[in-house]
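Geometric and topological summary
Chain by chain, the residues:
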Amino acid sequence: MTRFLACLSLFFFLVPVTYVRGPAPATDDSQYIAIEPVALDAGNPDRTRVGRLAFLGGWKITSDNGEVGGISSMVALPDNRFLMLSDNGTLVGFTLDEGRLRAIRPFIAPLPDGPPKPNEFARQNWDAESFLHDPGTGQFWVGYEHQHSIWRYGSSLSRKEAANYPAEMQDWPENGGAEAMLRLPDGRFLVFSESAKYAAGGYQALLFDADASETASKAAAFGYRPPEGYNLTDAALLDDRSALMLHRRFTPFEGVSAILSIVQIAEFRPGNVAKSIPIATLKSPIKVDNMEALAITRDAEGALVWIASDDNFSTLQETLLLKFRLLPNKAAPKKGTGRGEKQKAGASPGFSTFESD
């Protein structure tokens, strides 16, 4: 039975569609979001370490609104305010009240605009995969698969400001588009393909000399090589010199796992094949699912790492939000710590909706 369920789950990872569902159920426009706590390792409740990550909390997210799910990327705002983006173009926002286990001032709403249908017979399929925010201007960027493009939205996410279909992205596989995106402190953009092969090794990535949503920006190619057997799902700047990279893998025998790694931004240069160094591996018995979204915040003690999962709109999977403290490199153990782990090198929302309580 375990193998059967694993093989069934594999369908949702390999089928080349954004999400799969049967006949459309009755519409539920509920704005309610429920959260319930989850342990890092249910069989070992005292476990709090995985590689260079210290577990601070975890939550399962549910809603009666059928558009909640398929989380592919997220933005973390001050005071535990989150904007999660589903691959169907739905925004899921809430303030996480960790103490009272509540999602405060939630909203569920579609993006105001996105790539048009390729023809009149096709269904709408935005497949939003990456999501960025500039706290200075308040602007947002979204990277789309299928119709490979980068779009910029205003600070209230109520209107489109710009859209670009870079020529260098148009030969990427239909399901291998802008899986991850970074905006450097100097305004340059990095866009990573999940599966377009780079001739010198790894997978294709692009370095834009300016805002990637503007048609005047120019792109230069480089490669990114993820950990063996894994695919990149998201990235987030750690500081002005380094970034964290999130990867996932699924096999019918080992199930799902994820690797978080660190890379120096200097590695992202034209013609180079960048590599990252794994700092944590999430796999059974650790609570893990199809981890696709990554965000970083900071407090007085340092960096906090948030990882969320894409449930593929499947009842066999979950939407999880996990919170970790990033530990200093010198604190990372040389060998596995803990059981089962081996350490390895509708209406658009208004602006007020985004503010925290």
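Here, the structure is the one placed above.
Here is a short report on the structure shown in this document.

As a further point, take the environment of A54. Checked against the element boundaries, A54 lands in strand β3 (residues 53-62). For the pair A54 and L326, spaced 272 residues apart in the sequence, the C-alpha separation amounts to 6.6 Å. Setting aside its immediate chain neighbours within four residues, A54 contacts T48, R49, K323, F324, R325 and L327.

A few words on the packing of aromatic side chains. Scanning all chains against the criterion turns up 13 aromatic pairs. Seen in terms of ring centroids, F192 and Y224 are 6.0 Å apart; in terms of plane orientation they differ by 80°. Their pairing is edge-to-face. In this pair, F192 sits in strand β13 (residues 189-197) while Y224 sits in strand β15 (residues 219-225), placing the two residues 32 residues apart along the sequence. Per residue, the accessibility class of F192 equals that of Y224, and both read buried. Through a chain of ring-to-ring contacts, three or more aromatic side chains come together here, namely W59, F82, F94 and W306.

Okay, the pairing of β15 next. Note that strand β14 (residues 203-208) and β15 share six bridges and pair antiparallel. When the bridges of β15 are listed, A205 appears paired with F222. Where β15 and strand β19 (residues 273-275) come together, three bridges link them in parallel fashion. Across the sheet, G223 pairs through a bridge with V273, a residue of β19.

A few words now on the pattern of salt bridges. Taken as a whole and judged by the stated rule, the model has 18 salt bridges. Note that R102 is salt-bridged to D97, the shortest N-O span being 3.1 Å. Judged by its relative accessible area of 16%, D97 is buried. Measuring nitrogen to oxygen at the nearest pair gives 2.7 Å for the salt bridge that ties D211 to R152. Of the two residues, D211 is situated in the loop between β14 and β15 and R152 in strand β10 (residues 149-153); the sequence distance between them amounts to 59 residues. Comparing D211 with R152 shows no difference in burial state: the two are buried. Through salt bridges with shared partners, a single ionic network connects R152, R159, E161, D211 and E214.

Further remarks concern the sheet that holds strand β6 (residues 90-97). Taken in spatial order, the four strands make up an open sheet running β4-β5-β6-β7, and their pairing is antiparallel. The open sheet has two free edges, formed respectively by β4 (71-77) and β7 (102-110), since each of these has just one partner strand. The sheet shows a mean angle of 20° between the axes of neighbouring strands, taken without regard to direction. Direction of pairing for strand β5 (residues 81-86) relative to β6: antiparallel, over a ladder of five bridges. The residue of β6 that forms the bridge with M84 is V92.

What follows concerns unusual backbone geometry. With an omega dihedral of 15°, the bond running from S284 to P285 counts as a cis peptide bond. Looking at the element boundaries, P285 is found in the loop between β20 (277-283) and β21 (291-299). Phi angles above zero are rare outside glycine, and D79 is one such case at about 60°. Relative to the assigned elements, D79 resides in the loop between β4 and β5. Despite not being glycine, L157 has its phi angle at roughly 55°, a positive value. As for its placement among the helices and strands, L157 is situated in the loop between β10 and β11 (160-164).

The next thing to look at is the sheet that holds strand β16 (residues 231-237). Sheet strands pair by backbone hydrogen bonding; their relative direction is either parallel or antiparallel. A sheet is described by the order of its strands in space; here four strands give the open sequence β16-β17-β18-β20, paired in antiparallel fashion. At either margin of the open sheet sits one strand with a lone partner, and together these are β16 and β20. Sheet twist, expressed as the average angle between the axes of neighbouring strands with direction ignored, equals 20°. When strand β18 (residues 255-264) meets β20, the two strands line up antiparallel, connected through six bridges. Considered in β20, the bridge of L260 is made with A280.

What counts and how
Residues numbered from 1 in each chain as written. Predicted model: local features only at pLDDT ≥ 70, side-chain atom pairs only at ≥ 80, totals over all residues. Heavy atoms only, no water. Helix = DSSP H or I, 4+ residues; strand = E, 2+ residues; numbered from the N terminus. Contact = heavy atoms within 4.5 Å. Phe/Tyr/Trp six-rings, centres within 6.5 Å; stacked < 30°, edge-to-face > 60°. Buried < 20%, exposed > 50% of the residue type's maximum accessible area, 1.4 Å probe, protein only. Pairing = 2+ DSSP bridges. Salt bridge = Lys/Arg side-chain N within 4 Å of Asp/Glu carboxyl O. Axes fitted to C-alpha atoms, helices over the stretch in contact; angles between N-to-C directions.

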